[in-house]
Amino acid sequence: MTEITGHLEIATDYSAFKPTTDSTSIDRAEQIETLNYYLSENQVVFVDGSKNIGKTTLLSQFLANNQRNSIAIFLNEANTISLIDNDIYKDIYIQIRMYTNEFTNDDLDKNIKMSDLIQIYKTLSYYLRIKKKQMFFILDGFENLKGNESQFLDNLLFNLPQNPEVKFLVSTADKELNSKMIIKKSKVYSVPVLTKSQIQLILPDADQEQINLITQSFHGKPDSISIIARLLKQGVTINDILQNPSQETNILYITEWNTAVVDDVQKELIGFLAFSNQTITINDLCICCNENESEIIKIIQSISFIQTKEKQVEFVSYGHKKFSQEKLIENKISFLDKIIHLIKTE
């Protein structure tokens, strides 16, 4: 690993499939301790739970604690739309090459097949034994691979390295993925909902009665609690939220949209993000919206469910992207035309 401008490069720096994290998420230290214990006793831990329960958040925090000895792929419904098997093969290949200090710029131009991946797994196994190291494979969102991609997924999981120096942390919403891996010793860990004390940390101004009502209404789902936290920062009161007759997370999306989005300029920016299947940068939005950088940053800061990471702009969750697509569906063609024009000019 090399150090460039004060930053120690790690394998996952080179991944095209990074997690989307929410700044309102709390530290899941106790759950990570449990994962560490299960991984010490098993080669693979399946992190199980329903949608929006916080599997990606938990795995991304585990990754943050183990950056130097991890390879990770985080998939979601958006980045699997045009995904092909070689995208995953190449991503894993490059991360391993980076981890074993063999990466060169030529690797970026290679067309990686499963046979190449199997060969580099052997190199990795040898490297770990010689260096007496242990590493983690973190795989999230692979249940999003459906249909024609199922055969590719079978091959990918079946051919993962089997040596004991490699441990696996795999999120799953059902038991189907569990059966695709041939590793014998495994453990299923079900992600719990947020406790009242954890919700209190996210919503410090709520009294105990309000915490009880929020827990009862929204069942401690992290996605819902994070939206509530952002709504409170925008001036919406807890009583206003609790007076809503519906208990569905979608109602929280509507409330946050109505609170944050007040003009067409914001809608235009959101539309480009919502309908693009590629990474969007601040500079891209300057071109699409015909605004300067300072104005684009100002608009982004006014929308609570959009965030920036190293000049890249993204939704705080895929749920917000999907909801925004539904809100702006009538203007989809217009947004796509400008996005296509942007791609052609790059």
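Computed from a prediction, not measured in an experiment: that's the story for all the values here.

### Regarding the pairing of strand β4 (residues 70-74)
Here comes step 1: Across the five residues of β4, five count as buried, placing the element largely inside the fold.
Here comes step 2: The alternating pattern of β4 places Ser70, Ala72 and Phe74 on one face and Ile71 and Ile73 on the opposite face, and all of these are buried.
Here comes step 3: Pairing of β4 with strand β5 (residues 135-140), which is carried by five bridges, proceeds in the parallel orientation. If you follow Ile73 over to β5, its bridge partner there is Leu139.

### A closer look at the nonpolar core
Here comes step 1: Counting residues in each nonpolar core, the largest one holds 48 residues, and the members touching the most others are Leu203, Leu269, Ile270, Ile296, Phe305 and Ile306.
Here comes step 2: Take this core: its biggest share by element is six residues, from helix α12 (residues 264-275).
Here comes step 3: Apart from the residues lying within four places of it in its own chain, the contact partners of Ile270 are Trp257, Val261, Ile303, Phe305, Ile306, Phe315, Ser324 and Leu328.
Here comes step 4: If you look at the next biggest cluster of nonpolar residues, it comprises 41 residues, including Val44, Ile96, Val166 and Leu177.

### Quick notes on helix α1 (residues 29-41)
Here comes step 1: Taking 1.5 Å as the rise per residue, α1 with 13 residues should run 18 Å; its terminal C-alpha atoms sit 19 Å apart, in good agreement.
Here comes step 2: By the burial criterion, the buried members of α1 are Gln31, Ile32, Leu35, Tyr38 and Leu39. Viewed along the axis of α1, the buried residues span an arc of 120°, placing them on a single side of the element. Facing away from the buried side of α1 by over 90 degrees, the exposed positions are Glu30, Glu33 and Tyr37.
Here comes step 3: Close packing links the buried residues of α1 with β3 (44-48), α2 (55-65), β5, β6 (166-172), β7 (186-190) and α7 (196-202).

### Comments concerning the packing of α1 against α2
Think of two packed helices as two axes; the pair is described by the angle between the axes and how far apart they sit.
Here comes step 1: At a closest axis distance of 10 Å, the pairing of α1 and α2 adopts a crossing angle of 75°. Here α2 runs roughly perpendicular to α1, going by the angle between their axes. Along its contact with α1, which presents Gln31, Ile32, Leu35, Asn36 and Leu39, the element α2 presents Leu58, Gln61, Phe62 and Asn65.
Here comes step 2: Looking at side-chain class alone, the contact of α1 with α2 contains five nonpolar, four polar and no charged residues.

### Considering the sheet that holds strand β8 (residues 280-281)
Here comes step 1: Spatially, β8-β10-β9 is the arrangement adopted by the three strands of the open sheet, whose pairing is antiparallel. Two strands bound the open sheet, and with one partner strand each, they are β8 and β9 (306-309).
Here comes step 2: Pairing of β9 with strand β10 (residues 312-315), which is carried by four bridges, proceeds in the antiparallel orientation. In the strand pairing of β10, Lys309 is matched with Gln312.
Here comes step 3: Contacts from α12 reach β8, β9 and β10, with the element oriented near 85° to β10.

### Things to note about the pairing of β6
Here comes step 1: Across the seven residues of β6, seven count as buried, placing the element largely inside the fold.
Here comes step 2: Covered by surrounding structure in β6 are Val166, Phe168, Val170 and Thr172 together with Lys167, Leu169 and Ser171, the residues of both alternating faces.
Here comes step 3: Sheet analysis places β3 next to β6, joined by five bridges and oriented parallel. Residue pairing across strands places Val44 opposite Phe168, the latter belonging to β6.
Here comes step 4: Pairing of β5 with β6, which is carried by five bridges, proceeds in the parallel orientation. Among the inter-strand pairings, Ile138 is bridged to a residue of β6, identified as Leu169.

Thresholds, definitions, all that
Residues numbered from 1 in each chain as written. Predicted model: local features only at pLDDT ≥ 70, side-chain atom pairs only at ≥ 80, totals over all residues. Heavy atoms only, no water. Buried < 20%, exposed > 50% of the residue type's maximum accessible area, 1.4 Å probe, protein only. Helix = DSSP H or I, 4+ residues; strand = E, 2+ residues; numbered from the N terminus. Pairing = 2+ DSSP bridges. Core = buried A, V, L, I, M, F, W, Y, C linked by side-chain atoms within 4.5 Å. Contact = heavy atoms within 4.5 Å. Expected span 1.5 Å × (residues − 1). Arc of directions from axis to C-beta. Axes fitted to C-alpha atoms, helices over the stretch in contact; angles between N-to-C directions. Parallel < 35°, antiparallel > 145°, perpendicular 65-115°, else oblique. Nonpolar A, V, L, I, M, F, W, Y, C, P; charged D, E, K, R; others polar.

Bear in mind that shape data such as this cannot, by itself, settle questions of function.
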